[in-house]
Amino acid sequence: MSGNEPVAAAPFEQVPKANDHPDQAINLSQALLAPRIVIEDTTPVLDSGAFAVKAIRNQPVAVTSKVYSDGHDRLSVLLHWRQAHSRQWHAVPMLAEGNDLWTAEFTPAELGLHLFCIEAWIDPYATYCHDLEKKYHAGVEVTLELEEGRLLLGKGVDRSEGALREQLQTLQQRLPSLSADEQVALLLDPHSAELMGKAEHRSYLTCSRELPVDVDREQALFASWYELFPRSITDEAERHGTFNDVHQRLPMIRDMGFDVLYFPPIHPIGKQHRKGRNNSLQAGPDDPGSPYAIGSPDGGHEAIHPQLGSREDFRRLVAAAAEHGLEIALDFAIQCSQDHPWLTEHPGWFSWRPDGTIRYAENPPKKYQDIVNVDFYAPDAVPSLWLALRDVIIGWVEEGVRTFRVDNPHTKPLPFWQWLIANVRSQYPDVLFLAEAFTRPAMMARLGKVGYAQSYTYFTWRNTKPELREYFEELNQPPWSLCYRPNFFVNTPDINPFFLQNNGRAGFLIRAALATMGSGLWGMYSGFELCEGAPLPGKEEYLNSEKYEIRPRDFTAPGNIIAEIAQLNRIRRQNPALQTHLGVTFLNCWNDQILYFAKRTAERDNYILIAISLDPHTPQEAHFELPLWELGLDDHADTHGEDLMTGHRWTWHGKTQWMRIDPGYQPFGIWRISRLD
């Protein structure tokens, strides 16, 4: 069977499924019907197939499995796959790697849910060829074996029709006119085996269970996010910025190398209990309020804040962004101000206290009087609330939005997300959801399992060499590597990391290098390029937080790191090894202040070395090793090196090298290594 030949679905419904019977006593009739062939330890699989493994369109999915049976007969094993909504299977032979391990890969070309399974059978002709070859090369008489081959070909003819039957008859008719050596060559020819494989009745045919794979577009794995508040794109704090003002920022955001432009909520903002500057409980008459307090008489989640512009203005901005290679991402925050129309239209969607007041959001000792939450399981909310929230997403998708950053998804029911994401993607399979969840590891992983394409991470709080290495390695191993794509945001409007508060420009460059080199997904909130980090004392929060005020910026201010960010993003685009969080290998570097690792493509044709000093104040030096063994070279070989930040090139001699990193100049090195030949 050829690699992409469609296979009918029916056989999978008629053959024994591998491992259907638990490991316990069975009666005779069960034993007679049980599979003779074992298919087990199949990868990739997530929670025994309860959730889909993540994959990317046009990128191969590697499948492995242990497949074996009793005795010494040879097996044939096929990997089958299909789109979940299609009955058309495709197949490719799996290769025996030894010790019962079989491998193959398939490359999904379409988005959405796919299924794969493994089919195996005892192959009489392959067994015959194996035995014939051993005897022939050992000098054993094979006259009887040649007669057996002729009979096997005859059985193949009897089971065939059309062109296949004619081809097998031709082989059978040629045999008597050939010498013994020529008969052996003909019977062992791969073409003969291929024809017999098509005619084979597939003894003891066994098929594994079907396992799911969820295929996303490429931007689910590789993208650079830039976050800004449209209302702050203005020359003065007294004038509210608009969608039309954002047009002027598009070229610079594009030139920095970003491809996703993300807005916090753009909906009408409530008046009741509006927060003032720096989260104060009393707002001044001109305070714009938090955009997360969604809803006013102007509308709710489906509406646009009037001061930002019209719906037509938004459409023009989406189109203009696309012309600059930028995709607009919107915030989906399931929370309401006390002015949200839903409170009067659907009071049964909310929780009310015994005194008749509404229950607002709290995280003691913090209180969020400007925000109330919906009750997903209130009698009046099922299913009308769920459908209304789905319709909000669909409405913005129809306006051209294909990516949503979801606020605090871990505080909403997991079954809701599993249903909503699947429902939306069944209509629009290119839609992506990013989970903004800083919570327990199990919950963060589960959000990925139920459908989130990307996730915020603990990267924000990993600063030391052991912390970073442990976290990077964890993300590269199952189950995380199968269900969780980390988006390394260096800062957010909510989080002003302690590391950025007092480490100056070098500190910002360190975190930018870690994020851009560590993951295919990274993001930054505007102001990072200007090294903004003034905190509320003792807190990971910004002084004069933009969540509660309009903040104009001079994006050309001295000391900015715009050029460095642009070059980091350019390096990512030019080197496929950097377009994923997977493939990290830590290498020897004898300095605890320098994180040194490699990222490479599977073919080793793109091999990047990254050394980042974690000390923003003092130069660091170290001896380090080049991974010559990965390039098939001995310890004394010469290799070509290139500094991807500066373009400087040189020749390295031998495995052990020396580096010096000065944070006053550049606190990291990014080098491409290659063989000289």
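Small disclaimer: the values here were computed from a predicted structure and weren't measured.

**Overview of the overall build of the protein**
Right, on to step 1. Looking only at helices and strands, the protein has 18 helices and 29 strands in total.
Right, on to step 2. Over its C-alpha atoms, taken along the principal directions, the protein stretches across nearly 100 × 70 × 50 Å.
Right, on to step 3. Within the protein, counting contacts between residues at least 6 apart in sequence, those at least 24 apart form 74% of the total.
Right, on to step 4. For the protein, the exposed area adds up to about 29,500 Å²; of that, 50% sits on carbon and sulfur atoms.
Right, on to step 5. Averaging the coordinates of the 63 positive side-chain charges in the protein and doing the same for the 89 negative ones gives two points 3 Å apart.

**Looking at the pairing of strand S4 (residues 61–68)**
Right, on to step 1. Burial of the side chains of S4 is restricted to one face: Val 61, Val 63, Ser 65 and Val 67 are buried, whereas none of Ala 62, Thr 64, Lys 66 and Tyr 68 on the reverse face is.
Right, on to step 2. In terms of strand pairing, S4 meets strand S8 (residues 101–106) through 6 bridges, oriented antiparallel. Its bridge partner lying in S8, Ser 65 is registered against Trp 102.

**Looking at a nonpolar patch on the surface**
Right, on to step 1. Where nonpolar side chains cluster on the molecular surface, the patch consists of Leu 28, Leu 32 and Leu 33 and spans about 390 Å² of accessible area.
Right, on to step 2. Within the secondary structure layout, Leu 33 lies in helix H1 (residues 28–33).

**As for the packing of aromatic side chains**
Right, on to step 1. Applying the stated rule across the entire model yields 39 aromatic pairs.
Right, on to step 2. Arranged with centres 5.2 Å apart and planes meeting at 20 degrees, the rings of Trp 81 and Phe 106 form a pair that is stacked. With Trp 81 in strand S5 (residues 75–83) and Phe 106 in strand S8, this pair connects stretches of sequence that are 25 residues apart.
Right, on to step 3. Overall, Trp 81 belongs to the buried group, its relative accessible area being 8%.
Right, on to step 4. Aromatic pair Phe 416 and Trp 419: ring centres 6.3 Å apart, planes at 45 degrees, arrangement tilted. With Phe 416 and Trp 419 both in helix H12 (residues 414–427), this residue pair falls 3 residues apart, about one helical turn.
Right, on to step 5. Of the residues examined, Phe 416 reaches a relative accessible area of 0% and is grouped as buried.
Right, on to step 6. Here a set of aromatic residues connected by ring pairs shows up, and it is made of Phe 332, Phe 376, Tyr 377, Trp 386, Phe 404, Phe 416, Trp 417, Trp 419, Phe 433 and Tyr 452.

**Overview of unusual backbone geometry**
Right, on to step 1. A cis geometry characterises the amide bond from Thr 43 onward to Pro 44, with omega recorded as 0 degrees.
Right, on to step 2. Of note, Ser 48 is a non-glycine position whose phi angle comes to about 60 degrees, a positive value.
Right, on to step 3. Classification of Ser 48 as exposed rests on a relative accessible area of 56%.
Right, on to step 4. Not every positive phi belongs to a glycine, and Asn 544 is a case in point at roughly 60 degrees.
Right, on to step 5. With respect to the helices and strands, the residue Asn 544 is situated in the loop between strand S21 (521–525) and helix H18 (562–574).

**Overview of the UniProt feature "site: Transition state stabilizer" (unreviewed entry) in the protein**
Right, on to step 1. Per the UniProt record, the feature "site: Transition state stabilizer" (unreviewed entry) sits at Asp 494.
Right, on to step 2. The residue Asp 494 is located in the loop between strand S20 (487–489) and helix H16 (498–501) in this model.
Right, on to step 3. Judged by relative accessible area, which is 30%, Asp 494 ranks as partly exposed.
Right, on to step 4. Sequence-distant contacts of Asp 494, defined by excluding residues within four places in its chain, comprise Arg 405, Glu 540, Glu 541 and Lys 547.

**A short note on the UniProt feature "domain: Glycosyl hydrolase family 13 catalytic" (unreviewed entry) in the protein**
Right, on to step 1. Feature annotation in UniProt assigns "domain: Glycosyl hydrolase family 13 catalytic" (unreviewed entry) to the following positions: residues 227–572.
Right, on to step 2. Taken as a whole, residues 227–572 contains 32% helix and 12% strand, while its terminal C-alpha atoms sit 19 Å from one another.

**Examining the side chain of His 581**
Right, on to step 1. Position of His 581 among the secondary structure elements: in the loop between H18 and strand S22 (584–586).
Right, on to step 2. Once residues within four sequence positions are removed from consideration, His 581 is found in contact with Leu 221, Leu 475, Asn 476, Tyr 484, Arg 485, Pro 486, Gly 518, Ser 519, Gly 520 and Lys 599.

**Things to note about helix H3 (residues 143–158)**
Right, on to step 1. Given a rise of 1.5 Å per residue, 16 residues ought to cover 22 Å, and the 23 Å separating the end C-alpha atoms of H3 matches this to within 8%.
Right, on to step 2. All buried positions along H3 are accounted for by Glu 145, Leu 146, Gly 149, Leu 152, Leu 153, Gly 154, Gly 156 and Val 157.
Right, on to step 3. Those residues of H3 hidden inside the fold are in contact with helix H2 (124–137), helix H4 (162–174), helix H5 (180–188) and helix H6 (190–199).

**Some details on the pattern of salt bridges**
Right, on to step 1. As enumerated under the stated definition, the model contains 39 salt bridges in all.
Right, on to step 2. Its salt-bridge partner being Glu 436, residue Arg 405 comes within 3.7 Å of it at the nearest N-O pair. Of the two residues, Arg 405 is situated in strand S17 (residues 403–407) and Glu 436 in strand S18 (residues 432–436); the sequence distance between them amounts to 31 residues.
Right, on to step 3. Its relative accessible area of 3% is what places Arg 405 among the buried residues.
Right, on to step 4. By relative accessible area, which is 6% here, Glu 436 ends up buried.
Right, on to step 5. Between Arg 660 and Glu 621 there is a salt bridge; the shortest N-O distance is 3.1 Å. Linking Arg 660 in strand S28 (residues 656–661) with Glu 621 in strand S25 (residues 620–625), this pair joins segments that are 39 residues apart in sequence.
Right, on to step 6. In this structure, a network of salt bridges that share partners links the residues Asp 214, Asp 216, Arg 425 and Arg 485.

**Some remarks on the side chain of Arg 202**
Right, on to step 1. When you line up the elements, Arg 202 lands in the loop between H6 and strand S10 (203–207).
Right, on to step 2. Classification of Arg 202 by relative accessible area gives buried; the value is 18%.
Right, on to step 3. Within polar-contact distance, the side chain of Arg 202 engages the side chain of Glu 119 at 3.2 Å.

**Quick notes on the sheet that holds S4**
Right, on to step 1. Taken in spatial order, the 4 strands make up an open sheet running S2-S4-S8-S7, and their pairing is antiparallel. Either end of the sheet is taken by a strand with one partner, and the two such strands are strand S2 (38–43) and strand S7 (95–98). Neighbour-to-neighbour, the strand axes of this sheet turn through a mean angle of 30 degrees, independent of strand direction.

**Observations regarding the nonpolar core**
Right, on to step 1. Ranked by size, the top nonpolar core spans 112 residues in total, and within it Phe 314, Trp 417 and Phe 433 carry the most contacts.
Right, on to step 2. It is helix H11 (residues 384–397) that provides the largest number of residues to this core, a total of 9 residues.
Right, on to step 3. Beyond its immediate chain neighbours, meaning those up to four positions away, Trp 417 contacts Phe 332, Ile 334, Val 406, Pro 409, Lys 412, Ala 422, Leu 447, Val 450 and Tyr 452.
Right, on to step 4. Residues Ile 37, Phe 106, Ile 118 and Ile 122 belong to the second largest nonpolar core, which totals 22 residues.

**Some thoughts on the pairing of strand S27 (residues 649–653)**
Right, on to step 1. Inspection of the sheet shows strand S26 (residues 638–643) paired to S27 by 5 bridges, in the antiparallel sense. Paired with Gly 641 across the bridge in S27 is Trp 650.

**Considering empty space enclosed by the protein**
Right, on to step 1. Enumeration over the complete set of coordinates arrives at 3 cavities of 30 Å³ or more.
Right, on to step 2. Size it by volume and the largest cavity reaches roughly 90 Å³.
Right, on to step 3. In terms of lining residues, the largest cavity is bounded by Phe 229, Pro 230, Arg 231, His 240, Pro 264, Pro 265, Ile 266, His 267, Ile 269, Pro 291, His 305 and Leu 308.
Right, on to step 4. For the lining of the largest cavity, the residue count by class is 8 nonpolar, 3 polar and 1 charged.

**Here we look at a negative patch on the surface**
Right, on to step 1. A contiguous patch of negative charge on the surface is contributed by Asp 235, Glu 236, Glu 238 and Asp 286.
Right, on to step 2. By secondary structure assignment, the location of Asp 235 is in the loop between strand S12 (223–227) and helix H7 (243–246).
Right, on to step 3. With a relative accessible area of 74%, Asp 235 lands in the exposed category.

How each quantity is defined
- Residues numbered from 1 in each chain as written.
- Predicted model: local features only at pLDDT ≥ 70, side-chain atom pairs only at ≥ 80, totals over all residues.
- Heavy atoms only, no water.
- Helix = DSSP H or I, 4+ residues; strand = E, 2+ residues; numbered from the N terminus.
- Contact = heavy atoms within 4.5 Å.
- Areas by Shrake-Rupley, 256 points an atom, 1.4 Å probe, with all protein chains shown as cover.
- Lys, Arg positive; Asp, Glu negative; His and termini not counted.
- Charge placed at Lys NZ, Arg CZ, Asp CG, Glu CD.
- Buried < 20%, exposed > 50% of the residue type's maximum accessible area, 1.4 Å probe, protein only.
- Pairing = 2+ DSSP bridges.
- Patch = residues over 30% accessible without salt bridge, like charges linked within 9 Å, V, L, I, M, F, W, Y side chains within 5 Å.
- Salt bridge = Lys/Arg side-chain N within 4 Å of Asp/Glu carboxyl O.
- Phe/Tyr/Trp six-rings, centres within 6.5 Å; stacked < 30°, edge-to-face > 60°.
- UniProt positions renumbered as here; feature names shortened; annotations may be inferred.
- Expected span 1.5 Å × (residues − 1).
- Polar contact = N/O pair within 3.5 Å; in protein donor to acceptor, adjacent residues only side chain to side chain.
- Axes fitted to C-alpha atoms, helices over the stretch in contact; angles between N-to-C directions.
- Core = buried A, V, L, I, M, F, W, Y, C linked by side-chain atoms within 4.5 Å.
- 1 Å grid on protein atoms, 1.4 Å probe; cavity = no way out; pocket = protein on both sides within 12 Å on 5 of 7 lines; lining within 4 Å.
- Points joined across faces, edges and corners; volume = space filled by probe spheres on them.
- Nonpolar A, V, L, I, M, F, W, Y, C, P; charged D, E, K, R; others polar.

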